[in-house]
Structures are given as structure tokens and as C-alpha cells.
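Residues per chain, in single letters:
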Amino acid sequence: MLLGIIRKYSTKKMVQTHVIQGYEKFQEFFKNFDSQGQKVHVLYSSPRKPDNTSWCTYCVRAWPVIDKELEGTDPNSHFIRVEVGDMPIWKDPNCPFRHDPKTKLRVLPTLVRWQGPQRLEGEQCDKADLVNMLLNEDDD
């Protein structure tokens, strides 16, 4: 008798994720990006090393929370992680992310609904209920 092996494959579709490194790539990406009417969330953070470490401790604390909440986010949406650069680039008062009217960054991490008022900053980004609300609330 031949025993068959049953494998379960997840057919769950995940949110479309993009990773951008630095201001110039950020500008280039959004110049050509078309969301086709889908929700777009942007996380501005420090660079994320493969072992999930970074110079930004708030980012390190927020990443697992955001990753978990993304699992339940509309698969027909976009999640864009923008890595602003190393500590000297971010700490420079002339950092272009601080002065761009589209970003208006003051702290890292910052999670926003692109072109919307929804915004979480710093320690707010490691609060699952707040992240879930930002990622999943409907536009009114």
C-alpha cells in the first residue's frame, strides 16, 4: 500500500512589500510608483540588518510588532520600508527626509498612510493596537 503525503501550502496572499534605501532611491521610487488606488503604508526607519539589529533601538522594538500586524493587512495594499541611512545621516540636521514636505520626519521609526493624515511616531510604532488601526482602518 502506498501512503501519500499531504502537504498544506498557504495560499494566503501577503501585502506587497518594497524596501528602499536612502533619499535618492525614495524620490525615484515614488516618482514612478502607481498604487492603482490601493492603500500604501510607509515605514521610515534605520537600516535593518539580517539579524534584525540596528543603531535605532526604537526601530528594533517596532519591527516585530509591525511585521506581525502586516500579516492581517489587506493583501491588495503596499508596504514600503524606507531605510533613511546610518546614524550620522539621520542625525544630520540637513537630512533630506527631515525637510521633505512629503515626509516631515522628526523621529524614527515613523509609520504613515501615504498621502493621508494617519501617522505613528517613535514608541507608538511598537504598540500593536495602534499599528493595527493604522494599517487596517478604512479611509473616510
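Residues numbered from 1 in each chain as written. Predicted model: local features only at pLDDT ≥ 70, side-chain atom pairs only at ≥ 80, totals over all residues. Heavy atoms only, no water.

1. Concerning the packing of aromatic side chains
The description of an aromatic ring pair uses the distance of the two centres, along with the angle that the planes make with each other.
Argument step 1. Under the counting rule described, the total for this entry stands at eleven aromatic pairs.
Argument step 2. Between F26 and W114, the ring centres sit 6.2 Å apart and the planes meet at 85°, which makes this aromatic pair edge-to-face. Of this pair, F26 sits in helix α1 (residues 23-32) while W114 sits in the loop between β4 (110-113) and β5 (119-121); the two residues are 88 residues apart in sequence, bridging distant segments of the chain. For the pair F26 and W114, one class covers both residues: buried.
Argument step 3. On the basis of an interplanar angle of 65° and a centroid distance of 6.1 Å, the ring pair of Y44 and F97 is categorised as edge-to-face. Remark: F97 occurs in helix α4 (residues 96-99) and Y44 occurs in strand β2 (residues 40-45); sequence separation between them is 53 residues.
Argument step 4. Three or more aromatic residues joined by ring pairs form one cluster here, namely Y23, F26, F29, F30, F33, Y44, F97 and W114.
Argument step 5. Its guanidinium or amino end placed over the ring of W90, R98 lies 3.9 Å from that ring's centre, counting from NZ or CZ. (Phe/Tyr/Trp six-rings, centres within 6.5 Å; stacked < 30°, edge-to-face > 60°. Helix = DSSP H or I, 4+ residues; strand = E, 2+ residues; numbered from the N terminus. Buried < 20%, exposed > 50% of the residue type's maximum accessible area, 1.4 Å probe, protein only. Lys NZ or Arg CZ within 6 Å of the ring centre and 35° of its normal.)

2. A short note on α1
Argument step 1. Looking only at α1, the buried set comprises Y23, F26 and F30. Here the buried residues of α1 occupy an arc of 55° about the axis, which is enough to place them on one side. More than 90 degrees from the buried face of α1, the exposed residues found are E24, K31 and N32.
Argument step 2. Turning to α1, the residues buried within the fold contact β1 (16-21), β2, β3 (78-83) and α4. (Arc of directions from axis to C-beta. Contact = heavy atoms within 4.5 Å.)

3. Here we look at helix α5 (residues 128-136)
Argument step 1. Looking only at α5, the buried set comprises V131, L134 and L135. The arc that holds the buried residues of α5, viewed along the axis, is 95°, so those residues lie on one side.
Argument step 2. Close packing links the buried residues of α5 with β2, α2 (57-70), β4 and β5.

4. Brief notes about the pattern of salt bridges
Argument step 1. Applying the stated criterion across every chain yields a total of eight salt bridges.
Argument step 2. For R61, the salt bridge is made with E123, and the minimal N-O distance between the two is 3.7 Å. With R61 in helix α2 and E123 in the loop between β5 and α5, the pair connects residues that are 62 residues apart, well separated along the chain.
Argument step 3. The salt bridge involving E121 is made with R106; its shortest N-O contact spans 2.5 Å. Pair noted here: E121 is in strand β5 and R106 is in the loop between α4 and β4, with a separation of 15 residues, a long-range link.
Argument step 4. Through salt bridges that share partners, R61, E123, D126 and K127 make up one connected network. (Salt bridge = Lys/Arg side-chain N within 4 Å of Asp/Glu carboxyl O.)

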